[in-house]
Amino acid sequence: MTGATARRRGRPPRTEAGDTRDRILTAAREEFAERGYDKTSVRGIAKAAEVDSALVHHYFGTKEQVFEAAIEVAFAPALNAPEAVADGPLDGVGERLTRFVFGVWENPTTRKPLLAIVRSAVNNETAAAVFRRLISAQLLRRIAAQLDLPDAELRAELAAAQLVGCAMLRYVIKVEPLASADLEQIVARVAPVVQGHLTAP
């Protein structure tokens, strides 16, 4: 490597700190997506970001903390789901939430990091614990707060289980005919089930 591209040692100047942090996050998302949680290392992330590994620890701490920060950014589009729940009458919440979730998965830009998150969570308990914390604190509790119904958290979790299960079969495991089924057909069948989980007596 030349001096310009060699990994930087030590902390960057304050004006470069934001760019360095973003570069580390980008490298971390790509490493976790390509290698999964188990095979990704802080040293590998640092190498991909062209920084010293001490900087990764400085900004994020452990590998688990780097993973949490990386997936929170990657998962950000899905965190708008509570707004989809709130944006309209309660009797249409199942369809709105189903369309929103599948819309995130159908978009290639948002699907790739989601696949990396799910694969890591399925294969590694540490990654799964991070994913659970994010889902619980950032998504399910916020959806439950919009419902104002008895057992709101359980309702939100059941709806999420329905949607995550369908997404796993369609986009991760790619089980046919679900994997190639028309999206409108899927929404028509899944949305009433999600509606039932969220609002049935």
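Just so we're clear, the structure is a prediction, and the values are computed from it rather than from any experiment.

## Observations regarding the packing of aromatic side chains
Phase 1 of the analysis: Taken as a whole, this structure holds six aromatic pairs when the rule is applied.
Phase 2 of the analysis: Between Phe32 and Tyr37, the ring centres sit 5.9 Å apart and the planes meet at 10 degrees, which makes this aromatic pair stacked. Considered together, Phe32 and Tyr37 belong to a single accessibility category, that of buried residues.
Phase 3 of the analysis: On the numbers, 5.2 Å between centres and 85 degrees between planes, the contact of Tyr37 with Phe67 is edge-to-face. Here Tyr37, found in helix H1 (residues 14-39), pairs with Phe67, found in helix H4 (residues 63-74); they are 30 residues apart in sequence, far enough to count as distant. By the burial criterion, Tyr37 is buried, and Phe67 matches it.

## Description of the packing of helix H2 (residues 42-49) against helix H3 (residues 53-60)
Phase 1 of the analysis: Look at H2 against H3: their axes get within 8 Å of each other, and the N-to-C directions meet at 105 degrees. The angle between H2 and H3 falls in the class roughly perpendicular. On H3, the residues touching Val42, Arg43, Ile45 and Ala46 of H2 are Ser53, Val56 and His57.
Phase 2 of the analysis: Its residues assigned to classes, the contact of H2 with H3 comprises four nonpolar, two polar and one charged.

## Overview of the environment of Gly196
Phase 1 of the analysis: Locating Gly196 in the fold gives a position in helix H10 (residues 183-199).
Phase 2 of the analysis: Separated by 38 residues in the primary sequence, Gly196 and Leu158 have C-alpha atoms spaced 9.7 Å apart.

## A short note on the confidence of the model for the protein chain
Do not read the fine detail of predicted coordinates wherever pLDDT is low.
Phase 1 of the analysis: Across the protein chain, the average pLDDT comes to 82, with 88% of residues at 70 or higher.
Phase 2 of the analysis: For residues 1-8, every residue scores under 50 in pLDDT, and the model assigns this stretch 15 contacts once sequence neighbours within four places are set aside.

## Quick word on H10
Phase 1 of the analysis: A rise of 1.5 Å per residue sets the reference length of H10, with its 17 residues, at 24 Å; its end C-alpha atoms lie 23 Å apart and thus fit the reference within 8%.
Phase 2 of the analysis: The principal kink in H10, of about 30 degrees, is found at Val190, preceding the proline Pro192 by one to four residues.
Phase 3 of the analysis: Along H10, the residues classified as buried are Ile186, Val187, Val190, Ala191, Val194, Gln195 and Leu198.
Phase 4 of the analysis: Regarding H10, its N-cap is Asp182, as a side-chain oxygen of that residue lies 3.0 Å from the backbone nitrogen of Glu184 further along.

## Considering the pattern of salt bridges
Phase 1 of the analysis: In this structure the tally under the stated criterion is five salt bridges.
Phase 2 of the analysis: With a shortest N-O distance of 2.9 Å, Arg35 and Glu31 are connected by a salt bridge. Taken together, the residues span about one helical turn, with Arg35 and Glu31 both in helix H1 at a distance of four residues.
Phase 3 of the analysis: Its relative accessible area of 43% is what places Arg35 among the partly exposed residues.
Phase 4 of the analysis: Where Glu95 meets Arg99, a salt bridge forms, and the shortest distance between an N and an O atom there is 2.9 Å. Of this pair, Glu95 and Arg99 both sit in helix H6 (residues 93-106), four residues apart, which is roughly one turn of that helix.
Phase 5 of the analysis: Classification of Glu95 by relative accessible area gives partly exposed; the value is 39%.
Phase 6 of the analysis: Each of Glu95, Arg99 and Glu184 takes part in salt bridges that share partners, so that together they form one network.

About the cut-offs
Residues numbered from 1 in each chain as written. Predicted model: local features only at pLDDT ≥ 70, side-chain atom pairs only at ≥ 80, totals over all residues. Heavy atoms only, no water. Phe/Tyr/Trp six-rings, centres within 6.5 Å; stacked < 30°, edge-to-face > 60°. Buried < 20%, exposed > 50% of the residue type's maximum accessible area, 1.4 Å probe, protein only. Helix = DSSP H or I, 4+ residues; strand = E, 2+ residues; numbered from the N terminus. Axes fitted to C-alpha atoms, helices over the stretch in contact; angles between N-to-C directions. Parallel < 35°, antiparallel > 145°, perpendicular 65-115°, else oblique. Contact = heavy atoms within 4.5 Å. Nonpolar A, V, L, I, M, F, W, Y, C, P; charged D, E, K, R; others polar. pLDDT = per-residue confidence, 0-100. Expected span 1.5 Å × (residues − 1). Bend = angle between axes of the 7 residues up to and from the residue. Polar contact = N/O pair within 3.5 Å; in protein donor to acceptor, adjacent residues only side chain to side chain. Salt bridge = Lys/Arg side-chain N within 4 Å of Asp/Glu carboxyl O.

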